[in-house]
Structures are given as C-alpha cells and as structure tokens.
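Coordinate analysis (summary)
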Amino acid sequence: MPLCKLRFPIPAMAAVALAPSQSPLRSSPDEWLPSLVGFRSRRVGFESKLAAPRAIGWKTCEKSTGRREQVRKTKAVRSTAEGVEKGMLMGGIGGEAKITVPERFKVVTLLALVMCLCNADRVVMSVAIVPLAAKQGWSSSFLGIVQSSFLWGYVFSSVIGGVLVDRYGGKKVMACGVALWSLATLITPWAASHSTLSLLAVRAFFGLAEGVALPAMNTLVSRWFPTNERASAVGISMAGFHLGNVTGLLATPVVISSLGISGPFFLFSLLGLLWLTLWESGVANDPREIRLISQSELGLIQTVKTESPARNDKFPSLRLLLSKLPTWAIIFANITNNWGYFVLLSWMPVYFKSVFDINLKQAAWFSAVPWGMMAISGYIAGAVSDYLIKAGYSLTLVRKIMQSVGFIGPGVSLLCLNHAETPVAAAKFLTTALSLSSFSQAGFLLNMQDIAPHCAGFLHGISNSAGTLAAIISTIGTGYFVEWLGSFQAFLNVTAALYFATTIFWNVFATGERVFKGG
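Fair warning: this is a prediction, and the values are worked out from it, not measured in the lab. (Residues numbered from 1 in each chain as written. Predicted model: local features only at pLDDT ≥ 70, side-chain atom pairs only at ≥ 80, totals over all residues. Heavy atoms only, no water.)

So, on to the overall build of the protein chain. The helix and strand tally for the protein chain stands at 19 helices and four strands. In the protein chain, buried positions account for 58% of the 519 residues. Just so you have it, the protein chain exposes about 21800 Å², and 65% of that area is on carbon and sulfur atoms. (Helix = DSSP H or I, 4+ residues; strand = E, 2+ residues; numbered from the N terminus. Buried < 20%, exposed > 50% of the residue type's maximum accessible area, 1.4 Å probe, protein only. Areas by Shrake-Rupley, 256 points an atom, 1.4 Å probe, with all protein chains shown as cover.)

Turning our attention to the pattern of salt bridges. Summed over the entire model, instances satisfying the criterion amount to four salt bridges. The salt bridge partner of Arg 104 is Glu 229, with a shortest N-O separation of 3.0 Å. Taken together, the positions of Arg 104 in helix α4 (residues 103-136) and Glu 229 in helix α9 (residues 227-259) put the pair 125 residues apart, joining distant regions of the chain. For Glu 210, the salt bridge goes to Arg 122, with nearest N and O atoms at 2.6 Å. (Salt bridge = Lys/Arg side-chain N within 4 Å of Asp/Glu carboxyl O.)

Attention now goes to a nonpolar patch on the surface. Judged by side-chain polarity, Phe 156, Ile 160, Leu 164, Tyr 168, Leu 180, Leu 183, Leu 186, Ile 187, Trp 190, Phe 205, Leu 208 and Phe 266 come together as a nonpolar surface patch covering roughly 1100 Å² of accessible area. Mapped onto the nonpolar patch, the elements with two or more residues apiece are α5 (140-168), α6 (170-194) and α7 (196-210). Looking at the secondary structure, you find Leu 208 in helix α7. (Patch = residues over 30% accessible without salt bridge, like charges linked within 9 Å, V, L, I, M, F, W, Y side chains within 5 Å.)

On to the packing of aromatic side chains. Per the counting criterion, the structure on display carries eleven aromatic pairs. Summarising the aromatic geometry, the rings of Tyr 341 and Phe 342 are spaced 5.5 Å apart at their centres and angled 80 degrees between planes, so their arrangement reads as edge-to-face. Looking at Tyr 341, the relative accessible area reads 8%, which means it is buried. Classification of Phe 342 as buried rests on a relative accessible area of 4%. Within the aromatic cluster, the residues linked to one another by ring pairs are Phe 150, Tyr 154, Phe 206, Phe 241, Tyr 341 and Phe 342. (Phe/Tyr/Trp six-rings, centres within 6.5 Å; stacked < 30°, edge-to-face > 60°.)

Structurally, Asp 121 is set in helix α4. Although Asp 121 lies buried, it forms no salt bridge, and the closest oppositely charged side chain, Arg 203, sits 8.2 Å away as judged by the N-O distance. Only 2.9 Å separates the side chain of Asp 121 from the side chain of Trp 181, close enough to count as a polar contact. Apart from the residues within four sequence positions on either side, Asp 121 is in contact with Trp 181, Thr 185, Arg 203, Phe 206, Glu 210 and Phe 268. (Lys, Arg positive; Asp, Glu negative; His and termini not counted. Polar contact = N/O pair within 3.5 Å; in protein donor to acceptor, adjacent residues only side chain to side chain. Contact = heavy atoms within 4.5 Å.)

Spacing of three or four residues puts side chains on the same side of an α-helix, whose turn is 3.6 residues. Relative to the 46 Å expected for 32 residues at 1.5 Å per residue, helix α13 (residues 325-356) spans 44 Å between its end C-alpha atoms, a close match to the ideal helical length. Along α13, the sharpest change in direction is near 60 degrees and occurs at Trp 347; proline Pro 349 comes one to four residues later. For α13, the buried fraction is high: 25 of the 32 residues fall into the buried class. (Expected span 1.5 Å × (residues − 1). Bend = angle between axes of the 7 residues up to and from the residue.)

With respect to the helices and strands, Ser 385 occurs in helix α14 (residues 360-390). With a relative accessible area of 0%, Ser 385 lands in the buried category. The sequence separation of Ser 385 and Arg 399 amounts to 14 residues, and the corresponding C-alpha distance is 7.9 Å. Once you skip the residues sitting within four places of it in the chain, Ser 385 turns out to touch Ala 231, Val 398, Arg 399, Met 402 and Ala 442.

Okay, the confidence of the model for the protein chain next. With 77% of its residues at a pLDDT of 70 or more, the protein chain shows a mean pLDDT of 76. Confidence drops under a pLDDT of 50 for residues 1-95, and excluding neighbours within four residues, the segment shows 125 contacts in the predicted structure. (pLDDT = per-residue confidence, 0-100.)

Turning next to the packing of α5 against helix α18 (residues 456-485). How two helices pack is summed up by the angle between their axes together with the distance between the axes. Two elements in contact, α5 and α18, have axes separated by 7 Å at closest approach and are oriented at 175 degrees. One way to sum up the angle between α5 and α18 is to call them roughly antiparallel. Grouping the amino acids of the contact of α5 with α18 by side-chain chemistry returns 15 nonpolar, 14 polar and two charged. (Axes fitted to C-alpha atoms, helices over the stretch in contact; angles between N-to-C directions. Parallel < 35°, antiparallel > 145°, perpendicular 65-115°, else oblique. Nonpolar A, V, L, I, M, F, W, Y, C, P; charged D, E, K, R; others polar.)

On to the nonpolar core. In terms of nonpolar packing, the biggest core is built from 121 residues, with Met 174, Trp 275, Trp 279, Phe 352 and Trp 371 touching the most fellow members. Among the elements that take part in this core, α4 stands out by supplying 18 residues, more than any other. Apart from residues no more than four positions distant in its own chain, Trp 279 is found in contact with Leu 110, Leu 111, Gly 170, Lys 171, Met 174, Ala 175 and Leu 220. (Core = buried A, V, L, I, M, F, W, Y, C linked by side-chain atoms within 4.5 Å.)

Here we come to the side chain of Ser 404. Mapped onto the elements of the fold, Ser 404 is located in helix α15 (residues 395-417). For Ser 404, a relative accessible area of 15% gives the class buried. Apart from the residues within four sequence positions on either side, Ser 404 is in contact with Gly 409, Thr 503 and Asn 507.

Attention shifts here to the state of the cysteines. By the definition in use, this model includes zero disulfides. Unpaired in this structure, Cys 116 has its nearest cysteine sulfur neighbour in Cys 118, at a distance of 9.7 Å. (Disulfide = S-S within 2.5 Å.)

Attention now goes to the environment of Gly 211. By the secondary structure assignment, Gly 211 is in the loop between α7 and α8 (213-224). Sequence separation between Gly 211 and Asn 464 is 253 residues, and the spatial gap between their C-alpha atoms is 8.8 Å. In contact with Gly 211, not counting residues within four places along its chain, are Tyr 154, Ser 157 and Ser 158.

Bringing the environment of Val 108 into the picture now. Counting through the fold element by element, Val 108 comes out in helix α4. The class of Val 108 is buried, set by a relative accessible area of 5%. In this structure, the C-alpha to C-alpha distance between Val 108 and Leu 220, residues 112 residues apart in sequence, is 8.9 Å. In this structure, Val 108 is in contact with Phe 225, Ala 233, Ile 236 and Ser 237, ignoring residues within four places of it in sequence.

Turning next to α9. Given a rise of 1.5 Å per residue, 33 residues ought to cover 48 Å, and the 46 Å separating the end C-alpha atoms of α9 matches this to within 8%. At Ala 251, α9 shows its maximal bend, which comes to roughly 30 degrees, and the proline Pro 253 appears one to four places after that position. In terms of burial, α9 is a largely internal element, 24 of the 33 residues being buried. The first or second residue beyond α9 is Gly 260, which carries a positive phi of 95 degrees.

Given below as structure tokens:
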C-alpha cells in the first residue's frame, strides 16, 4: 500500500503538536486552516489534514502559490514531522511503549567522542613537555618551538582536509584522520627518546592528521541536522572537544606518575582505535544512506534544513572566495580565535608553574577547570543561538551577537588576568575568558555553512590554515616574550587588542546570508 494512503494512530502529543492553539502559524483561524489542510510534502512522504485527536489522515489538495503560502507549508511540514517523531520517540506506534534514539543523536555522540580524543591527544604533550623540558634542558623559546611543531602539519591539512571532505564526505576523511593521528600518538614517546628532530617530525605528522577533524565535523553536522538544531549539535561536538582538554590535563599527570611518560600516549592511541570500530558501523555521510533511520526523522532533517549541498567534483575558485568581505570576516575571526586558543592551550600549565610556582598536578587542575566550563558554555551558546533563530531573529544578527560575546569577553578577561595575584584568581579569569570564547562556535564556525554551503569544507580549510599560521606565531612568540620580558603580561595585552579589533571587523562585514551560489 502506498505510504501516502496509510492511516495510523499517533500518540496524543503528536496531535497536540498540530492543535490550532499551538500552531506555528500565527495568522488568523481563517488563514491557517486552508494552509494546514492544503499542502502535500513529497520529502516527508505523506499528506496532511485535520483529523481526530488520535489519528492523522492524509489527503491531496491544490497547489499553492506565492512566498507566503510556501512559508506556511514549510512550517506545517515541520510541525507534522516533529510531532510524528516525538510520538515515535516517547510512545511508539499504536500506543506501544518504545523508545527509539534518533540516528542524528547517535552521530553527534560519536562526533563529541572523537573531538574529545582529538584534543586529549594534543594536550598530552602540553603536560608531558614539562618533565621533558627539564630532562632535556630546553629553554622557554625552544619549548615554544616544540609546542608549535604540531601546527606545522596542521596548517597544510586544513585546506587538503576541507577539499577531501567536500568531495568524499566526512565519514571516510574523519576515519583516516583518527587512524593516522592515533599512530602518531603511539610513536611519540619513541621519537622523543630518539632525537629532538624525530619528535618534531612526529608532532608535525600528528598535526597533519588532526587537521581534517574540524572540517569533517562541521560538514557532517550540516548534513545531519536542520538549521534550527545545528548550533546545538556543534555545541555538543565542541563540548567533547573542550572536555578533551580536561581529560588530557587531568589524566596525563596521573598516568605519567604510574606508567611513565609513555603511558598517556599509549592510552589515548588505543582509545582512538576503539572509537574507529564504532564509527564505521554507525555513521554515513548523508542520512539517506542509513537504512535504520525513520521516515519522520529523515523528513524533519530534509525539510527544516537549508538546501543540501551537492558533492563537488570541481574545486571552488579561491579567487572568488577571497574577493568577498564576508570571507575575510571568517578568516580574521579564525585567526584571532586560534591565536588566543593555542596560547592558552599550550602555555597554561607552564603559566601556572612559572608565575605561581605550583607543581605539575596542581597546574593541571588549575588549567583543566577553564576547559571544563568552556564545554558547558559552548553548549549553552549553541542552545541560545538556536532559540534566537527559532524566535525569528535574522541569521546575520544571531551570528554577530554570538561572535561579539566570543571575542569581547575573552579580551576583557585577559586584561584582568594581568592583575591576578593568586592561582585561584587567575583560574577564575581564564575560566571566564574560555567560557565566553566558546560563543564563537555559534559565530564564525557556523557562518561558513551559511555563506558557502557547497564548499564549506574548502572555506574552513582556508580560514583554518590562516588561523593555524597565527597559532604558530602566537605559540612561539609567547616563549620569546616570556624569555625577553620575564612575564606573560605583554603578550596577554596584544591578544586582548586583537580580540577587540576583530570584533569590529566582524560586525561590519559578516553576514548570515548565502554569498556563494552553485556547486
């Protein structure tokens, strides 16, 4: 029997989702009745009409014309799909008690886990480098070079990874990246014991492998989540990313004290290989490729999202991308974000140890608390962004608000950090800085999909490469500033000024509208 002729009972909450009093259509009763009855959605696969509280019947009506009627159709389809999905999640079909987890929730869970591993593998070196530097007798300036070696490979793989993601999808690219960076993590202790040059080469290879993670994550979220859920999905994924800092900072000193410097590298490489076994069987590049996905969930994803970008076989024009000021707003935002982020990521344990003379485990705890709060605030930022979009605020305004909070907040906090006299006070200012910087996830990071959905991976690679160059300069520069001036104060002032300048540029030139057409 064709799907459009099916009649089946729906739990009460689904009927409530279609009740006139809660309809998303805020026009008069005479206006919403014909539009709710008179549409047919081919993507969802069924037709709608008003019916009894426990059932929905499906009926074909006349085609409507005009932009206003099309908006009504989209809202009604959204209401129907969400209502059906809620009924399936909470009550099952026919009143049977059944709980079904949507496939897109499984995807975002695996993304959060892999982003956690991605950052934990980075942070292991930030902690392990303290005893390594003491053992090898490295100066502060050379320590900055070792810290930045990860970024030498990362700067190249961002663009390459973005292009590969646009062409082949995020699933395979992410899997290859995890396999390679887990291998690099595994052999890092051997490289460190062999020679400094070997260590730098392995860390550069590690960065090369990790450069594909963010473009792959961003593209998969755009394929699996409708526009009004995307910021929350990115917030959950990036919460895992920031919790990777906490995991690495807290676990590494404990494992080192028990198993030696090699211990945490072996542990996290093993976790990466275990994650791969779940990834291969649980994720696809596109929700339509998953056999177990429900029709209601697939309809919700496809109806409430923006146009799904087609796979590209031709590279987008770099000249065209760089000719638009919204592109440069994203690039400058990425530069500023990476500048501040990697300074804090690489130097925080060293900062607490050198400024406040506390031991490695205490430094790790003081460093971990800000990252933990950043994970929570990142999800809050995503939820707030989605709420504003659903409330009717323009995408451009929402992106500008989120990014302004994400830069002005850290800038002010870093200026206050110069006056911290205790490690507790310093941890509070750093926590505030990192918590507010997570609002950038709902700013420039999502804006790539807004202005260039068909080549967002490539645009992400370009902007992230520029940001990585900035991170290299800031990571090495911090070491030289500390060695020359004997304190972190001057570099914190420079970073705060950069935050403020980029905020102005972003608010003048950024947009939430689509800038680049085609595929």
